[in-house]
Number of protein chains: 4
Amino acid sequence: MTVKVSIIGATGYTGAELVRILHRHPEVELMALTTRSYAGLPLHKVYPHLYKYNQITCEEMNLAKIFDISDVVFVALPHGHAMPVALEAARRGKKMIDLGADFRFSDYQVYEKWYKVEHEARKLLGEAVYALPEVNRDEIKGAWLIANPGCYPTSAILALAPLLKQKFVDTGSIIVDSKSGVSGAGRGLSLGTHFCEVNDNFKAYNVATHRHTPEIEQGLGRIAGEDITITFTPHLLPITRGILSTVYAKLSVSAGAEEIREMYLDYYKDEFFVRVLPAGLLPQTKWVAGTNHCDISVTVDARTGRVIVISAIDNLVKGASGQAVQNMNIICGLPEDTALAGPGLYP
Amino acid sequence: MTVKVSIIGATGYTGAELVRILHRHPEVELMALTTRSYAGLPLHKVYPHLYKYNQITCEEMNLAKIFDISDVVFVALPHGHAMPVALEAARRGKKMIDLGADFRFSDYQVYEKWYKVEHEARKLLGEAVYALPEVNRDEIKGAWLIANPGCYPTSAILALAPLLKQKFVDTGSIIVDSKSGVSGAGRGLSLGTHFCEVNDNFKAYNVATHRHTPEIEQGLGRIAGEDITITFTPHLLPITRGILSTVYAKLSVSAGAEEIREMYLDYYKDEFFVRVLPAGLLPQTKWVAGTNHCDISVTVDARTGRVIVISAIDNLVKGASGQAVQNMNIICGLPEDTALAGPGLYP
Amino acid sequence: MTVKVSIIGATGYTGAELVRILHRHPEVELMALTTRSYAGLPLHKVYPHLYKYNQITCEEMNLAKIFDISDVVFVALPHGHAMPVALEAARRGKKMIDLGADFRFSDYQVYEKWYKVEHEARKLLGEAVYALPEVNRDEIKGAWLIANPGCYPTSAILALAPLLKQKFVDTGSIIVDSKSGVSGAGRGLSLGTHFCEVNDNFKAYNVATHRHTPEIEQGLGRIAGEDITITFTPHLLPITRGILSTVYAKLSVSAGAEEIREMYLDYYKDEFFVRVLPAGLLPQTKWVAGTNHCDISVTVDARTGRVIVISAIDNLVKGASGQAVQNMNIICGLPEDTALAGPGLYP
Amino acid sequence: MTVKVSIIGATGYTGAELVRILHRHPEVELMALTTRSYAGLPLHKVYPHLYKYNQITCEEMNLAKIFDISDVVFVALPHGHAMPVALEAARRGKKMIDLGADFRFSDYQVYEKWYKVEHEARKLLGEAVYALPEVNRDEIKGAWLIANPGCYPTSAILALAPLLKQKFVDTGSIIVDSKSGVSGAGRGLSLGTHFCEVNDNFKAYNVATHRHTPEIEQGLGRIAGEDITITFTPHLLPITRGILSTVYAKLSVSAGAEEIREMYLDYYKDEFFVRVLPAGLLPQTKWVAGTNHCDISVTVDARTGRVIVISAIDNLVKGASGQAVQNMNIICGLPEDTALAGPGLYP
């Protein structure tokens, strides 16, 4: 079986990462790559690390043509641009995986409030599935419209899911302090991603206002079965790939680190991509660089009754393109780790 | 007036930074530099950035000789090594500024518990002053034995002092999530500071067990007038200099960000080295690199009732050698900013 | 005596670096800062590291006003924009220091060929002085129009001047292999300075076509008294500040490293800013970061008869703004190292 | 067919990289991993990026046992330690691939002069093959003792091979200016690889004295059919992986860049791992990171009659462990790119 795949927005970092991963996929045929900036250029001129591997010439987006030739379409565009694509996919009965935010919220009002954009495809929100396989795999299996989770939410929700499922923590006490590499901001130019402004430097940004906040809250709330409000602080690391989230919560039960670690091991026992680290090891972003893994450690601060969970992912893989391929594998009935297994590059 | 100064442990990073700063000091004469590893070498062979500036040859430590020729002795040694120096200083009636932890705790039992070392100079603890000028300048003025604060505690205490002084927060709710550059670990070799293990990487370490925890708690407790227990998580940034602390606390009063910022501006109104940033700006470590400044921002997360204070310092300057010179200026009756004022190097 | 100074193009990196340096200058009063992008903003909002130090509000360029209030005007604009400023300075009889390329070539045809711009102030080229103090200080003293050297040429010419002056090398054999930090490309946005494209990466660029080539050749030719053609290859380092040039030439005389080093020591014996390193030390960019120094080492490859000279500068200081202030000091009759002496920040 | 493989010195960076690559190899069974420092620990405790992938416990080296169970033994030890292993391999009739320098020189005197070690297995030098597949594949096929090339020599010889083969250049004019990432120095601790000493810094080292010089000369000489002496200058980049070599030579024929590029394309037309880049592209180390590729560009400086060839490799892959697996594939009769094909990680 071969899945015919196209990528809309192929020349951003998540688009190029999809190409890299799909190149290793034995069941995928790459059909078309669209771009706003580089139409007419072979992709390997835009990304020479793909030289000798990819011969496709980028083209401007033509939805009719794309859907004619594709079984699955990945959309790697800024938020607000995936809605017309989804409407077309619905008309055609094709599968679509959106790496942006347009279909992540079941409540369009939350989307419109945080993203300052009107939702033009509200009727599809009921069909879209927010797809974090380790949390709701069964729901994903039958979906045609996949809302691929954001990078920060992936790291935060995987860190907290067992605690919330088992009701170990006070849900009002959650703080997520996250640190991300610069590739999370994409390949677009801005002073904030200029080398000299980031190198050998560190800062927080969008404190208490980042758009991933309601996405994390929605994800956690579904697991806990109640509304949850959190404090979320993103920071910018002078590294290219990786998110490390340090998550704090008050324990509502009496439990030690080892007991909680066992609970995590049990919760994730069938999950290849989540690695609950052996006691004594704390995640490092480089241990997961280039992989679809999420590494997790659990510590208890007995002096204050808090649990401190640390998770690390590669924002471009498990936080974007890798998870998108994982979801594609699921909805296409392929082995979930196809093109995704393997240790990362260290050092 | 000329202050005769020697440095014990001059070839570590804090020692070399003392030399750099004191070179700009018009009232200081540098007398002797001691070292365990490089005795007999001119300092500029150990640190060629000082070539043409420093002609002193490093020597092994000889306490009698050092105190014979010095008015003030800086001690930049690992913890456990400053106690005999302080006993000698006491005998001689000389001033001493310890950049390590040996005299930071009024309760020797806290020191012995966290540092796993017996305290050999308990009788001096009553005379030592934990010296954070922006918090207890008056107490510092008459001191002869200065315990220079640790880098993380400096960043955390300056971030929280106004909130605690004004009793704006629930003292049981404090979380300090700190990120430090690698120079905080010193020049000694370890796998954890090997370039390839740190570069393009990020991790937490010593979660819930770092020795700066009780120091922060002691400092906060004195301001609040009550015992305080916090959660403290240090992380290692792939940068050379800088600490950024993201501090969380539950507001116990109803106050907005602007009101709290005004309160900070008032609290620090006479403090040249603390810069409460204009609304809209968040600290970056590079803005304070090479300076004795502590930059601070205040944000309120109205959705959760938390205040988020962010502080940035250069760990080698305000977090170590700069603050040590600031304290020297105070105890010697010199203008406090001598050798310390001036904008940093950016970018 | 107070020199009234303005900066045209103050919000680029070299402009901000001028402000940082001039802040330390006891004889300078900063009058006006112009900018195309940030007019109306206080400079410390554009560069918060200057907060509490600089209160000046940036303004759009008004040449008449600038020259009314200034004795010396620094021009930190892209090439092609300094010519009208110089014409105005000539009319007013004011001093001007251009950090760009417009007045670096005595032959306007060379400028026009390499920079693809017509020269609009050819008549001033005879009055402009290419000002590398360690090479032609006497010529600089009386000048009103200073062409401040480029960053690569400064590093290359200082590396080669003694060899050419003493005719130790075959002038047809010179290769300059240079590596620069990213700040040399300025604060303007481009894919080539995007953090993710530079971090943990390395490349050459503009091989055999870089515009600094004829500038180096002109500078070397004046010292040698003959036309010189070189091969010059620039590379981009994933660092913020610093240029290291590795310079190769065939020895035309029989001489060992120590003999040549002595010759360098003699050539630069009165030059505070050039540090010919002790034998056994090779320059590192960080040893000169934030300083106006040029560090130099000399090695002889006896097996091949080549001399290898390595020089390191901070591209924003000795390679731009520091040298500009050095030149200002010279033309204003001030001590040449004012605001410029002092060791750099290490590590 | 399954090849049973062991690694002596598995816990250094090249050893761990062998494990990473061999994990992808369908025809290899990993038998034993030896180490001096971590015996008794599972490898994934030493390198947690391998967690869930590698379950082998490291052990101390026992040559008898290793050769009992292995068809091929990789030796990733410092120079001087592979000779007894080779003698044992010879006795047993097993294959061995040495990643160090012990068997790279056909003339033991060159080895002893540059490495300051006596050669204890001179009789094997005639059987050892210096194995750079793109240069001498046929010779490699029948070998049992492989001397895997050094990282700098791989980058330099691949850059120059076509020019020397075609006699396009003056062989006395060759200069190799190389820049390497820090992983080339291994995982051992030294001040020179301490993060703070390397980060945001750049330097040359071992100028005109590096041990890879005679290895490059031997490799070039064999291709040219004459003795060649070069100037070689290594530099240390603040990056983890990657070598970029900028190679200069005087053209001895009249040829333009495009003609020479065509000649390179022809020379390497059957070589998958060498990518002669399209005109206009210059190599970047990150484009080959994690891959076995060597990217090459050719530029002609018509003004000086020099050709400038730039090559980029990943020092741990094509410069060490990847090339070692490539050689293993050749001597075992497996497809040469097994476990080695695939685009790298960018950005």
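Residues numbered from 1 in each chain as written. Chains lettered and ligands numbered in written order. Predicted model: local features only at pLDDT ≥ 70, side-chain atom pairs only at ≥ 80, totals over all residues. Heavy atoms only, no water.

**Examining the pairing of strand β12 (residues 294-301) of chain D**
All names here are of chain D. Burial analysis of β12 places 8 of its 8 residues in the buried class, the great majority of the element. Every second residue of β12 is oriented toward a common face, with Cys294, Ile296, Val298 and Val300 on one face and Asp295, Ser297, Thr299 and Asp301 on the other, all of them buried. As defined by bridge partners, strand β11 (residues 274-276) adjoins β12 across 3 bridges and the pair is classed as parallel. Bridging from a neighbouring strand, Arg275 pairs with Asp295 of β12. In this sheet, strand β13 (residues 306-313) lies alongside β12 in antiparallel orientation, the contact comprising 7 bridges. Bridged to Asp295 within β13 is Ala312. Counted along the chain from β12 to the antiparallel partner β13, the turn is 4 residues long, and its residue Gly305 has a positive phi close to 75°. (Buried < 20%, exposed > 50% of the residue type's maximum accessible area, 1.4 Å probe, protein only. Helix = DSSP H or I, 4+ residues; strand = E, 2+ residues; numbered from the N terminus. Pairing = 2+ DSSP bridges.)

**A closer look at the relation of the copies chain C and chain A**
Relative to chain A, chain C is turned by 180° and slid 0.0 Å along the rotation axis, the superposed coordinates differing by an RMSD of 0.0 Å. Here the two chains are linked by the operation of a two-fold rotation axis. For chain C, the minimum C-alpha distance to the rotation axis belongs to C:Phe195 and amounts to 2.0 Å. A high fraction, 100%, of the interface residues of chain C reappear at the interface in chain A, so the copies pair face to face through one surface. (Least-squares fit on C-alpha atoms with pLDDT ≥ 70 in both. Contact = heavy atoms within 4.5 Å.)

**Focus on the relation of the copies chain D and chain C**
You can overlay chain D on chain C at an RMSD of 0.0 Å; the transform is a turn of 180° with a shift of 0.0 Å along its axis. Taken together, the interface assignments show that 100% of the residues at the interface of chain D recur at the interface of chain C, consistent with an identical surface on both copies.

**Re the interface of chain D and chain C**
On the chain C side, the residues contacting the 49 residues of chain D number 49 residues. Taken together, both faces of the contact between chain D and chain C bury some 3,900 Å²; the carbon and sulfur share is 54%. Three residues, D:Asp200, D:Phe202 and D:Arg303, lead the burial of chain D against chain C; their summed loss comes to 16% of the area buried on that side. Across the chain D-chain C interface, the total number found is 4 salt bridges. At the surface where chain D touches chain C, the tally comes to 36 residue pairs in polar contact (both at pLDDT 80 or more). (Buried area = accessible area lost by both parts, 1.4 Å probe. Salt bridge = Lys/Arg side-chain N within 4 Å of Asp/Glu carboxyl O. Polar contact = N/O pair within 3.5 Å; in protein donor to acceptor, adjacent residues only side chain to side chain.)

**Concerning the packing of helix α6 (residues 133-141) of chain D against helix α11 (residues 317-331) of chain D**
All names here are of chain D. Between α6 and α11, the least distance of the axes is 10 Å, while the angle of their chain directions is 35°. Like other packed secondary-structure pairs, α6 and α11 cross with a definite hand, here right-handed. Residue-level contacts link Pro133, Glu134, Arg137, Ile140 and Lys141 of α6 to Lys318, Gln323, Gln326, Asn327, Ile330 and Ile331 of α11. Among the residues forming the contact of α6 with α11, the class breakdown is 4 nonpolar, 3 polar and 4 charged. (Axes fitted to C-alpha atoms, helices over the stretch in contact; angles between N-to-C directions. Left-handed = near helix turned anticlockwise from the far one by under 90°. Nonpolar A, V, L, I, M, F, W, Y, C, P; charged D, E, K, R; others polar.)

**Topic: the sheet that holds strand β1 (residues 3-8) of chain D**
Residue and element names in this part refer to chain D. Here 6 strands make up an open sheet; going across it, the order is β2-β1-β3-β4-β6-β5 and the pairing parallel. Either end of the sheet is taken by a strand with one partner, and the two such strands are β2 (28-34) and β5 (129-130). Two strands pair when backbone bridges link them, and β1 and strand β3 (residues 72-75) are joined in this way by 4 bridges, in the parallel orientation. By the bridge assignment, Ile7 is partnered in β3 with Phe74. α11 contacts β1, β2, β3, β4 (95-98) and β6 (145-147) of the sheet and is inclined by roughly 160° relative to β4.

**Topic: the pattern of salt bridges**
Between side chains of opposite charge, a pair can form when the charged atoms approach closely. Applying the stated criterion across every chain, the model contains 80 salt bridges over all chains. Through salt bridges with shared partners, one network takes in A:Glu17, A:Arg20, A:Arg241 and A:Asp314.

**Section: the domain arrangement of chain A**
Residues and elements named next belong to chain A. Each domain of chain A was delimited in the assignment, giving domain 1 (3-126) and domain 2 (152-315). Of note, the centres of domain 1 and domain 2, computed from C-alpha atoms alone, are 27 Å apart. With 15 residues of domain 1 at the contact, the number on the domain 2 side is 14 residues. When the area that domain 1 buries against domain 2 is broken down by residue, the three leading residues are Tyr13, Arg104 and Trp114, summing to 47%. One can count 2 salt bridges joining domain 1 with domain 2. With a shortest N-O distance of 3.1 Å, Arg104 and Glu215 are connected by a salt bridge. The tally of links from domain 1 across to domain 2 stands at 6 residue pairs in polar contact (both at pLDDT 80 or more). Looking at the side of domain 1 that touches domain 2, the elements that each hand over two or more residues are α1 (13-23) and α5 (108-115). Of the residues assigned to the side of domain 1 that touches domain 2, the class counts are 8 nonpolar, 3 polar and 4 charged. (Domains from an automatic or database assignment.)

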